[in-house]
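Letter by letter, the chains look like this.
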Number of protein chains: 2
Amino acid sequence: MTNAIDARHTQVAEAPVSLGAPTAIERIARFVSSVDPADMDDLTIRAAARAFADTFAVSVGARRDPLTGVLRTWTAGEGGAGTIWAGVVPAGCTEERAAHINAAMAHVLDFDDASTVMRGHPSAVLFPAIVAVGESSKATGREVSAAYSVGFEVWMKIARAVSTEHYKLGWHATATLGTIAAAAAVSNLLRLSETEVARALGIAVSQASGTRQAFGTMAKSYQVGAAAAAGLQAARLAQAGLTSSPDALDAAEAGFLALYCVPGARELLDAHLATLGEAPGELLARGVEVKRFPLCYATHRAIALALELREEHSLNAEDIVRVEVETNAHGMEPLIHHRPMTGLEAKFSMEFAVAAALIDGAVRLRSFDTEDVQRPEIQALLRRVVGHEGPGDLNPRWTTMTIQTRDGAVITRTMHDLKGSAQQPLDDTELLAKVVDCYQYAGLEADDGRRFATTCLDWADVDIRELVRSSGVA
Amino acid sequence: MTNAIDARHTQVAEAPVSLGAPTAIERIARFVSSVDPADMDDLTIRAAARAFADTFAVSVGARRDPLTGVLRTWTAGEGGAGTIWAGVVPAGCTEERAAHINAAMAHVLDFDDASTVMRGHPSAVLFPAIVAVGESSKATGREVSAAYSVGFEVWMKIARAVSTEHYKLGWHATATLGTIAAAAAVSNLLRLSETEVARALGIAVSQASGTRQAFGTMAKSYQVGAAAAAGLQAARLAQAGLTSSPDALDAAEAGFLALYCVPGARELLDAHLATLGEAPGELLARGVEVKRFPLCYATHRAIALALELREEHSLNAEDIVRVEVETNAHGMEPLIHHRPMTGLEAKFSMEFAVAAALIDGAVRLRSFDTEDVQRPEIQALLRRVVGHEGPGDLNPRWTTMTIQTRDGAVITRTMHDLKGSAQQPLDDTELLAKVVDCYQYAGLEADDGRRFATTCLDWADVDIRELVRSSGVA
């Protein structure tokens, strides 16, 4: 079959002109190249600003993670203009490496925002890619917001068509779809032409990779970083004139949908692209899910309940005889550690989460330091917490908490909606508290975190390079 | 299913210790870390040297390809220690970028070596990755040879298990398998430990990508470059301490074999790994297939026949009434241009190939310049050439040429084996002629090409950095 290989080797300077209906890539490229930062509305700019403040902060908060040392060694002596948010590489590095490292660091704590539709983590990929380029082009918050909303919109449409089955197959959807979305976002920031955007998307497909087998290793965060870097690289190469196939997504045999997804994906993507760019856009309509607490999502309703009840009833740990937590079906599955003794175990422990919330009135990054996990009062209280799953389905999710106190009182409350979604966002105080937690955990000044977040939330005309460099992290 | 995602997010500093039988990655890592350059035999060193001379030359020969301008723009102003063989970026760049660009340039003319077993192009990926690192570590030809033979060996075993079906699915096997093989090769050069090599291989799987949909665009060569860069990156990250899954290749759900290959691949790979590293090794036993002529392989037997018959019978074009070429079944399929008027068309034209060989006594890079293709004597003779396929199967391949001359003579000859394989390699004169052709086509001195090739063929103790920098290309 060598002949068949050779016939395809032909290099042409121009991408083939497609006849007939536009391909998926061509439809996306038309949208990406049409979005003008000048047309951004205030709500979108603010949604993007909030997401960036959160993403930047969790990256800063990862400064003490073991991944830091690995990435510092990797990039030692490289030099360049890119700023590493977590301060891992003080000397700077190339923009591609900055995107890679910032994205990996933003994801490593698993404290970055997520999207259920995407089965993935949008901001950890998109912002590092956009900002790495924005630093050299002196982009404003408005321009970064436009690029982010474009990347988010494209990602969501593809995700609505394929993410559930794609993820189930074994792909790490954040890495694969994120590469394509990052290319779209950076293409918008660079104001590439429609033809160039199409090429960038095709090049991004060339780099779509990452499997769930990496989960549980540093390679997972690495893959998130690689997606940001590859998306950026695709846009830069398209800008330089590299050609690619406009059929790279939906070609019947060797297209992305055929190779990475299940049958029927083409028809689904075709349908979802019909609403691409429709107001108010996916970022405002669906948005990101922001994590308030730095541990497994399955504990979050229980923590929120514990904080509420502690506050309202002025509960003290020694007064608590027993805490019962009931969740929706499958709600306890990831929470496999019942007597955690390390931070890593505590991240997957309902008992620890409830005990820490009731004793400290907060669950912060430092709650997972081993010495904090092993505190006698925490270890005592978590032994009085029991969790179990209720009947029914996985969705909709809920948690009921029942607290018995020494004086015989029984307090019960159920929570359905979880704060942090686009529909019920963290308020500015809660977001600020998270930023400050990340700064402090990294050994930085709380005031620097507050100043960064305050500037960021009003970033329409702020130079992104100045914002990053005055953030107090370097 | 957010919970299920979260449960997998856990980061651990060490790769899981596997119990029971070693995984495919662990078996490969043991081999890669065990190969010592000091044990390299002269035949292997010479085979690697010949392959490098060829690879370097075809990269140099691509200097006039449109891809050059794209890559120069892409990397403008980056700076660094990496040398670009084709002289595209005189100022140098990072080692990762050097690997990327050298690999893309080595492949863009489709004049680089190939392997039928691999369904791909080994040297264009392996050497750029190895040499980019070797430049900074001042590796000798012996060390480069060891790394190359290791990468080749690993690639072949995986390819024997999966390449045919993997390629058929739509994957660009050079890019996907090449990433893994390049990681193995660079890991050997860096003398990584067994654990580190295993991590490098897992990281490489995280980056395995590239589909055949890119064929016919610049993205094809880009993907080859990306494979070299990603393999290098994987080895460097493993060296820096990044962890990955030792099950990344053969995990049942989200492993490479499950996601990129067809059922049964695990068993096949298991079987082929049983001979991993067995003397004399794949490089000597099977080797690379070197292209003598810079166009579609399907024409090569016909060109070789035409050159032989021209020489033996002192044929002149005007004496030739008719040339009939018969090939094995499917042998004409890629040769779709019967009246070529451009170099690109001529690359897939049996008529042109035979006419150029008979008139010029050679088929060189410059034969495909448009003005050369359009020469009246070429256009006249190619109209007297007819090709057709004979009966039977695709394999084994053969070509029969029948030439009728003006004086009524009929000359017929059949060729089966094609020169350029490991079994029937080009002799040094033919290899040197190819190097010189590439140099001259790039506007460089033939003497520089000869000097480079001569030094290269005896490279055991030569510093690879000196070899590259004294090659006359910069």
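Residues numbered from 1 in each chain as written. Chains lettered and ligands numbered in written order. Predicted model: local features only at pLDDT ≥ 70, side-chain atom pairs only at ≥ 80, totals over all residues. Heavy atoms only, no water.

- Per an unreviewed UniProt entry, chain A carries the name MmgE/PrpD family protein and comes from Nocardioides luti.
- The heading Sequence similarities (unreviewed entry) in the UniProt record of chain A holds the text "Belongs to the PrpD family." (UniProt positions renumbered as here; feature names shortened; annotations may be inferred.)

1. Topic: the overall build of chain A
Right, on to step 1. Counting secondary structure elements, chain A contains 21 helices and 4 strands.
Right, on to step 2. On C-alpha atoms alone, chain A measures out to a radius of gyration of 23 Å, which is about the 23 Å that the 2.2 N^0.38 rule sets for 474 residues.
Right, on to step 3. Buried positions account for 65% of the 474 residues belonging to chain A.
Right, on to step 4. A total of about 15900 Å² of accessible surface is found on chain A, and carbon and sulfur atoms cover 50% of it.
Right, on to step 5. Looking at chain A, you have 43 positive and 59 negative side-chain charges, and the mean spots of the two groups are 3 Å apart. (Helix = DSSP H or I, 4+ residues; strand = E, 2+ residues; numbered from the N terminus. Rg over C-alpha atoms; globule rule 2.2 N^0.38 Å. Buried < 20%, exposed > 50% of the residue type's maximum accessible area, 1.4 Å probe, protein only. Areas by Shrake-Rupley, 256 points an atom, 1.4 Å probe, with all protein chains shown as cover. Lys, Arg positive; Asp, Glu negative; His and termini not counted. Charge placed at Lys NZ, Arg CZ, Asp CG, Glu CD.)

2. As for the interface of chain A and chain B
Right, on to step 1. Across the contact, 79 residues belong to chain A and 79 residues belong to chain B.
Right, on to step 2. Together chain A and chain B conceal approximately 7200 Å² of surface at their shared face, both sides included; 57% is due to carbon and sulfur atoms.
Right, on to step 3. Taken together, the connections running from chain A to chain B amount to 4 salt bridges.
Right, on to step 4. In this structure, the salt-bridge partner of Glu96 of chain B is Arg97 of chain A, at a minimum N-O distance of 2.7 Å.
Right, on to step 5. In this assembly, chain A and chain B are joined by 20 residue pairs in polar contact (both at pLDDT 80 or more).
Right, on to step 6. Only helix H1 (2–7), helix H4 (67–75), helix H5 (95–108), helix H7 (141–169), helix H9 (194–206), helix H10 (219–240) and helix H11 (256–260) of chain A provide two or more residues apiece to the side of chain A that touches chain B.
Right, on to step 7. Here the element with the most residues in the side of chain A that touches chain B is H10 of chain A; it accounts for 10 residues.
Right, on to step 8. Classifying every residue of the side of chain A that touches chain B gives 36 nonpolar, 29 polar and 14 charged. (Contact = heavy atoms within 4.5 Å. Buried area = accessible area lost by both parts, 1.4 Å probe. Salt bridge = Lys/Arg side-chain N within 4 Å of Asp/Glu carboxyl O. Polar contact = N/O pair within 3.5 Å; in protein donor to acceptor, adjacent residues only side chain to side chain. Nonpolar A, V, L, I, M, F, W, Y, C, P; charged D, E, K, R; others polar.)

3. Overview of the relation of the copies chain A and chain B
Right, on to step 1. For the pair chain A and chain B, the relating rotation is 180°, the translation along its axis is 0.0 Å, and the fit reaches an RMSD of 0.1 Å. Classification of the inter-copy transformation places it as that of a two-fold axis. The position closest to the rotation axis in chain A is occupied by the C-alpha of Ser209 of chain A, lying 2.8 Å away. (Least-squares fit on C-alpha atoms with pLDDT ≥ 70 in both.)

4. Notes on the domain arrangement of chain A
Interfaces are often sized by the accessible area lost when the parts come together.
Right, on to step 1. Annotation of chain A at the domain level lists domain 1 (2–285) and domain 2 (297–415).
Right, on to step 2. A C-alpha centroid distance of 37 Å is found between domain 1 of chain A and domain 2 of chain A. (Domains from an automatic or database assignment.)

5. Describing the nonpolar core
In globular proteins that are soluble, nonpolar side chains generally tend to be buried together.
Right, on to step 1. Phe52 and Trp459 of chain A together with Phe52 and Trp459 of chain B are the most contacted members of the largest nonpolar core, which totals 257 residues.
Right, on to step 2. Ignoring anything within four residues of it in the chain, the contact list for Trp459 of chain B reads Ile45, Ala48, Ala49, Phe52, Phe127, Thr140, Gly141, Arg142, Val144, Ser145, Ile464 and Leu467 of chain B. (Core = buried A, V, L, I, M, F, W, Y, C linked by side-chain atoms within 4.5 Å.)

6. Quick look at helix H19 (residues 428–441) of chain B
Residue and element names in this part refer to chain B.
Right, on to step 1. With 14 residues, H19 should reach 20 Å at 1.5 Å per residue; the first-to-last C-alpha distance of 20 Å fits that figure.
Right, on to step 2. For H19, the full list of buried residues reads Glu430, Leu431, Lys434, Val435, Val436, Asp437, Cys438, Tyr439 and Tyr441.
Right, on to step 3. N-capping of H19 is provided by Asp427, with a side-chain oxygen placed 3.1 Å from the backbone N of Thr429.
Right, on to step 4. Phi turns positive one or two residues past the end of H19, at Gly443, with a value near 80°. (Expected span 1.5 Å × (residues − 1).)

7. So, the sheet that holds strand S4 (residues 410–415) of chain A
All names here are of chain A.
Right, on to step 1. Ordered in space as S2-S1-S3-S4, the 4 strands form an open sheet in which the pairing is mixed. Single-partner strands in this sheet number two, and they are strand S2 (385–389) and S4. Strand-to-strand twist of the sheet, defined as the mean angle between neighbouring strand axes without regard to direction, takes the value 15°.
Right, on to step 2. Bridge count between strand S1 (residues 320–327) and strand S3 (residues 399–405): 7 bridges; the pairing is antiparallel. Looking at the pairing, Val325 lines up with Met401 of S3. (Pairing = 2+ DSSP bridges. Axes fitted to C-alpha atoms, helices over the stretch in contact; angles between N-to-C directions.)

8. Considerations on the pattern of salt bridges
Right, on to step 1. Summed over all chains, the structure comprises 50 salt bridges over all chains.
Right, on to step 2. Glu95 of chain A is paired through a salt bridge with Arg236 of chain A; the nearest N and O atoms lie 2.6 Å apart. Taken together, the residues span a long stretch of sequence, with Glu95 of chain A in helix H5 and Arg236 of chain A in helix H10 at a distance of 141 residues.
Right, on to step 3. Between Arg406 of chain B and Asp319 of chain B there is a salt bridge; the shortest N-O distance is 4.0 Å.

9. Some details on helix H10 (residues 219–240) of chain B
Residues and elements named next belong to chain B.
Right, on to step 1. Between its first and last C-alpha, H10 extends 30 Å over 22 residues, near the 32 Å set by a 1.5 Å rise per residue.
Right, on to step 2. The buried fraction of H10 amounts to 21 of the 22 residues, a majority that puts the element mostly inside the structure.
Right, on to step 3. Of the residues trailing H10, Gly241 is marked for its positive phi of about 110°.

10. Quick look at the packing of aromatic side chains
Right, on to step 1. Throughout the structure, instances matching the rule amount to 31 aromatic pairs over all chains.
Right, on to step 2. With a centroid separation of 6.4 Å and an interplanar angle of 25°, the aromatic rings of Tyr439 of chain A and Phe452 of chain A are classed as stacked. Taken together, the residues span a long stretch of sequence, with Tyr439 of chain A in helix H19 (residues 428–441) and Phe452 of chain A in helix H20 (residues 446–456) at a distance of 13 residues. Taken as a pair, Tyr439 of chain A and Phe452 of chain A share a single burial class, namely buried.
Right, on to step 3. Clustering of aromatic rings is evident, with ring pairs tying together Phe52, Phe56, Trp85, Phe127, Tyr148, Phe152, Tyr439, Phe452 and Trp459 of chain A.
Right, on to step 4. Directly above the ring of Tyr297 of chain B sits Lys291 of chain B, whose terminal nitrogen or CZ lies 5.3 Å from the centroid. (Phe/Tyr/Trp six-rings, centres within 6.5 Å; stacked < 30°, edge-to-face > 60°. Lys NZ or Arg CZ within 6 Å of the ring centre and 35° of its normal.)

11. As for the sheet that holds strand S4 (residues 410–415) of chain B
Residue and element names in this part refer to chain B.
Right, on to step 1. Judged by pairing direction, the sheet is mixed, and its 4 strands sit side by side in the order S2-S1-S3-S4 without closing on themselves. For this open sheet the edge positions go to strand S2 (385–389) and S4, each flanked by a neighbour on one side alone. The average angle at which neighbouring strand axes cross in this sheet is 15°, direction not considered.
Right, on to step 2. As defined by bridge partners, strand S3 (residues 399–405) adjoins S4 across 6 bridges and the pair is classed as antiparallel. Across the sheet, Met401 pairs through a bridge with Arg413, a residue of S4.
Right, on to step 3. The strands touched by helix H14 (residues 300–313) are strand S1 (320–327), S3 and S4; relative to S4, the strand with the most contacts, the crossing angle is about 135°.

12. Thoughts on the confidence of the model for chain A
Right, on to step 1. For chain A, the average pLDDT comes to 92, and 95% of its residues sit at 70 or higher.
Right, on to step 2. Note that residues 1–18 of chain A has pLDDT below 50 and, in this model, 57 contacts with residues that lie over four places away or in other chains. (pLDDT = per-residue confidence, 0-100.)

13. Brief notes about the UniProt feature "domain: MmgE/PrpD C-terminal" (unreviewed entry) in chain A
Right, on to step 1. In this structure's numbering, the residues bearing the UniProt feature "domain: MmgE/PrpD C-terminal" (unreviewed entry) are residues 293–444 of chain A.
Right, on to step 2. Across residues 293–444 of chain A, the secondary structure splits into 36% helix and 17% strand, with the terminal C-alpha atoms separated by 19 Å.

14. Examining the environment of Glu78 of chain A
Right, on to step 1. Position of Glu78 of chain A relative to the elements: it lies in the loop between H4 and H5.
Right, on to step 2. Look past the residues within four positions of Glu78 of chain A in its chain and what remains in contact with it is Cys93, Thr94 and Arg97 of chain A.

15. Here's the deal with the pairing of S3 of chain B
Right, on to step 1. Taking burial as the measure, the 7 residues of S3 of chain B include 6 buried ones, the bulk of the element.
Right, on to step 2. Counted between consecutive antiparallel strands, the loop separating S3 of chain B from S4 of chain B contains 4 residues, among which Gly408 of chain B sits at a positive phi close to 90°.

16. Some remarks on the packing of helix H3 (residues 42–61) of chain B against helix H6 (residues 122–137) of chain B
All names here are of chain B.
Right, on to step 1. Contact geometry of H3 with H6 gives a least axis separation of 10 Å together with a crossing angle of 95°. In terms of orientation, H3 lies roughly perpendicular with respect to H6. Judged by residue contacts, Ala48, Ala51, Phe52 and Thr55 of H3 engage Ser123, Ala124, Phe127 and Val131 from H6.
Right, on to step 2. Tallied by class, the residues present in the contact of H3 with H6 amount to 6 nonpolar, 2 polar and no charged. (Parallel < 35°, antiparallel > 145°, perpendicular 65-115°, else oblique.)

17. Notes on the packing of helix H4 (residues 67–75) of chain B against helix H5 (residues 95–108) of chain B
All names here are of chain B.
Right, on to step 1. Where H4 contacts H5, the two axes come as close as 11 Å, and the packing angle between them is 170°. The orientation of H4 with respect to H5, classified from their angle, is roughly antiparallel. Where H4 abuts H5, its residues Leu67, Thr68, Leu71, Trp74 and Thr75 lie against Arg97, His100, Ile101, Ala104, Met105 and Val108.
Right, on to step 2. Residues that form the contact of H4 with H5 fall into these classes: 7 nonpolar, 3 polar and 1 charged.

18. Some points on the environment of Ala238 of chain A
All names here are of chain A.
Right, on to step 1. One can find Ala238 in helix H10.
Right, on to step 2. C-alpha separation for the pair Ala238 and Asp112, spaced 126 residues apart in sequence, amounts to 29 Å.
Right, on to step 3. Ignoring sequence-local partners within four residues, the contact set of Ala238 consists of Leu192, Glu196, Arg199, Ala200 and Ile203.

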